[in-house]
Amino acid sequence: MARIVVIGAPGETGLWVADLDAGTVKPFQPSAGSALEAAGKLRASGATIIKGVDFAVSVKSADDAFSGHLDG
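Residues numbered from 1 in each chain as written. Predicted model: local features only at pLDDT ≥ 70, side-chain atom pairs only at ≥ 80, totals over all residues. Heavy atoms only, no water.

(A) Just the pattern of salt bridges, in detail. Evaluated as defined, the whole model comprises one salt bridge. Among the salt bridges present, the one from D21 reaches R3, with a minimum N-O distance of 2.8 Å. Placement of the pair is D21 in the loop between strand 2 (15-19) and strand 3 (24-28) and R3 in the segment before strand 1 (4-7), with a sequence separation of 18 residues. (Salt bridge = Lys/Arg side-chain N within 4 Å of Asp/Glu carboxyl O. Helix = DSSP H or I, 4+ residues; strand = E, 2+ residues; numbered from the N terminus.)

(B) Layout of the layout of surface pockets. Size it by volume and the largest pocket reaches roughly 1,200 Å³. Along the wall of the largest pocket there are 33 residues; nearest its centre are V5, V6, I7, G8 and V53. For the lining of the largest pocket, the elements supplying multiple residues, two or more each, are strand 1, strand 2, strand 3 and helix 1 (35-44). Here the residues of the lining of the largest pocket are counted per class, giving 22 nonpolar, seven polar and four charged. Approximately 180 Å³ is the volume found for the second largest pocket. Looking at the second largest pocket, the residues that line it are T13, G14, L15, F28, Q29, P30, E37, G40, K41, R43 and A44. The dominant element in the lining of the second largest pocket, judged by the number of residues it contributes, is helix 1, at five residues. Looking at the lining of the second largest pocket, its residues break down into four nonpolar, four polar and three charged. (1 Å grid on protein atoms, 1.4 Å probe; cavity = no way out; pocket = protein on both sides within 12 Å on 5 of 7 lines; lining within 4 Å. Points joined across faces, edges and corners; volume = space filled by probe spheres on them. Nonpolar A, V, L, I, M, F, W, Y, C, P; charged D, E, K, R; others polar.)

Here it is in structure tokens:
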């Protein structure tokens, strides 16, 4: 199973693609007319879209995450 996640963070207009196996995160531009482009447009209008992810939180820093903090 591929372990790739497309993410967007509040305050960020763009999307990111994270390859968990490679340990990389890169800016991501969905293909024109794709379902991911449509989802990105929904997100830009304020929608929250979650599919195939069972846990996600925003934190202020990596140190906060490693300390167990959930509030971002």
